[in-house]
Amino acid sequence: MRILQAIDSVLRSGRLLLPTSPSEAVRVVDQAPFLESVMVVISVLLGILFLRNFLNIIPYLLDNFTRARGSVALESSVRVSRDRNIVALILIIPCIMVINKYGIYEPDLIKGADEDVHLMVVAGVFFLYLLLRLLLWVVFRPKRGGDNYMMARRTAYTFFILIGLLVLPTVGILNLFHVNPLTIKTVILIEILVIYLVYFVRKAQILSLGCSSLTVFLYLCALEILPTGLLVASALLL
C-alpha cells in the first residue's frame, strides 16, 4: 500500500511544462497579412472582370515571343494593344505578391520587417523601377523617327505579361505539390531570366529596324542594363 501511495503522490505532483495554447509565432503564421489579403481579392476580381482581354491577347503574346515582327502586328491593332496594356496593369498586383512572398527582391534592409511593411517596400521599389525606366525613355527619346523606339518600349508590357502568365501558374502548381519555397524561388528566377533574355533580344531587333548597331547597343545600355543593374545592385548591397 505504501508503494502504491508513493507512486500516486509522484504522479499527482507532476507539472505540465508545455503551453496549452498556441504560441504567438504560430498564430502570426496562421493569419494572412491584411494588405496581402486585400491584394488577393482585388487581383481575383480584376482577373474575372477582364478575362476576355486576357483571352484576346494570347495569340499575340506567342507571336511576340517567337519573332520581333509580332510587335508590329500587335501595335497595329488599337484594340489588342489596349487589351495588352490593361492586362499588364492587372498583373502588377499578383506579380508584386509573388516577388514579396518568395523573396525575389529581399535586401537585408527589410529582412525581419512586418509582413505588410515588407510588401509595401517591395511594391514601392517595383514602382520606382518603373518610374526610372520611364524617365530614361523620356530622356533618350529620339526627336525624329521614334516609331520603332516607341514599339520597343511597349514590348516590355508584352513580355511582362508573359512573365506573369508563366510564373503565376508555376507557383500554383508547385505549391499544390508542396515544393520547398527555396526551390520555387529558384524556378521563378530561372523563368524570369529566360523571358527577360528573349525580351532583350526582341527589343534589340526592333530597335535595329531604324537604328545602327552602335545606337542599338547604347539604347540597350541606357534603357535596360542601367535600370535593371541598379535594381539588382540595390538587392545585393542594401
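Up top is the structure.
(A) Region of the structure containing the pattern of salt bridges. Enumeration over the complete set of coordinates arrives at 7 salt bridges. Of the charged contacts in the structure, one is a salt bridge between Arg 82 and Asp 83, with a shortest N-O distance of 3.9 Å. Classification of Arg 82 as partly exposed rests on a relative accessible area of 46%. Among the charged side chains, a network of salt bridges with common partners joins Glu 75, Arg 84 and Arg 154.

(B) Molecular detail of the nonpolar core. Judged by nonpolar contacts, the single largest core of 38 residues is most densely connected at Ile 96, Phe 160, Ile 161, Val 171 and Ile 188. The set of elements that each furnish at least two residues to this core consists of helix H4 (51-66), helix H6 (78-101), helix H7 (115-140), helix H8 (147-176) and helix H9 (181-207). Tallying contributions element by element places H6 first for this core, with 11 residues. Among the nonpolar cores identified, the runner-up in size contains 13 residues, and Leu 136, Ala 204, Val 216 and Tyr 219 belong to it.

(C) Up close: the packing of aromatic side chains. Scanning the entire structure with this criterion turns up 8 aromatic pairs. Ring geometry for Phe 126 and Phe 127: centres 5.8 Å apart, planes at 90°, overall edge-to-face. Classification of Phe 127 by relative accessible area gives partly exposed; the value is 44%. Relative to Tyr 199, the ring of Phe 159 lies with its centre 5.6 Å away and its plane at 50°, an arrangement referred to as tilted. Residue Phe 159 is located in helix H8, and its partner Tyr 199 is located in helix H9; the two are separated by 40 residues in the primary sequence. You'll find Phe 159 and Tyr 199 in the same group, each marked buried. One residue, Lys 101, lies across the ring of Tyr 102, its end atom 5.8 Å from the ring centre. It is Arg 153 that lies over the ring of Trp 137; its NZ or CZ is 4.3 Å from the centre.

(D) Up close: unusual backbone geometry. Even without glycine at this site, His 178 takes up a positive phi of about 55°. One can find His 178 in the loop between H8 and H9. The class for His 178 is exposed, based on a relative accessible area of 71%.

(E) Local environment of H9. End to end, H9 covers 38 Å across 27 residues, agreeing with the expected 39 Å (1.5 Å per residue, within 8%). Within H9 the residues assigned to the buried category are Ile 184, Ile 188, Glu 191, Ile 195, Val 198, Tyr 199, Arg 202, Lys 203, Ala 204, Ile 206 and Leu 207. Residues of H9 that are buried sit in contact with H4, helix H5 (70-75), H6, H7, H8 and helix H10 (213-237). A side-chain oxygen of the first residue of H9 lies 2.8 Å from the backbone nitrogen of Leu 182; this N-cap is Asn 180.

(F) Inspection of the environment of Lys 101 at higher detail. If you trace the backbone, Lys 101 turns up in helix H6. Given the relative accessible area of 55%, Lys 101 is considered exposed. Lys 101 sits 65 residues away from Glu 36 along the chain, and the two C-alpha atoms are 9.7 Å apart.

(G) Highlighting the layout of surface pockets. For the largest pocket, the calculated volume is near 1,500 Å³. Elements represented by at least two residues in the lining of the largest pocket include exactly H6, H7, H8, H9 and H10. A breakdown of the residues in the lining of the largest pocket according to their chemical character gives 36 nonpolar, 3 polar and 6 charged. Roughly 380 Å³ of volume is contained in the second largest pocket. What lines the second largest pocket is a set of 15 residues, and nearest its centre among them are Val 40, Ser 43, Pro 94, Met 97 and Leu 168. Broken down by element, the residue count for the lining of the second largest pocket peaks at 6 residues, all from H6. Of the residues assigned to the lining of the second largest pocket, the class counts are 11 nonpolar, 2 polar and 2 charged.

Basis of the calculations
- Residues numbered from 1 in each chain as written.
- Predicted model: local features only at pLDDT ≥ 70, side-chain atom pairs only at ≥ 80, totals over all residues.
- Heavy atoms only, no water.
- Salt bridge = Lys/Arg side-chain N within 4 Å of Asp/Glu carboxyl O.
- Buried < 20%, exposed > 50% of the residue type's maximum accessible area, 1.4 Å probe, protein only.
- Core = buried A, V, L, I, M, F, W, Y, C linked by side-chain atoms within 4.5 Å.
- Helix = DSSP H or I, 4+ residues; strand = E, 2+ residues; numbered from the N terminus.
- Phe/Tyr/Trp six-rings, centres within 6.5 Å; stacked < 30°, edge-to-face > 60°.
- Lys NZ or Arg CZ within 6 Å of the ring centre and 35° of its normal.
- Expected span 1.5 Å × (residues − 1).
- Contact = heavy atoms within 4.5 Å.
- Polar contact = N/O pair within 3.5 Å; in protein donor to acceptor, adjacent residues only side chain to side chain.
- 1 Å grid on protein atoms, 1.4 Å probe; cavity = no way out; pocket = protein on both sides within 12 Å on 5 of 7 lines; lining within 4 Å.
- Points joined across faces, edges and corners; volume = space filled by probe spheres on them.
- Nonpolar A, V, L, I, M, F, W, Y, C, P; charged D, E, K, R; others polar.

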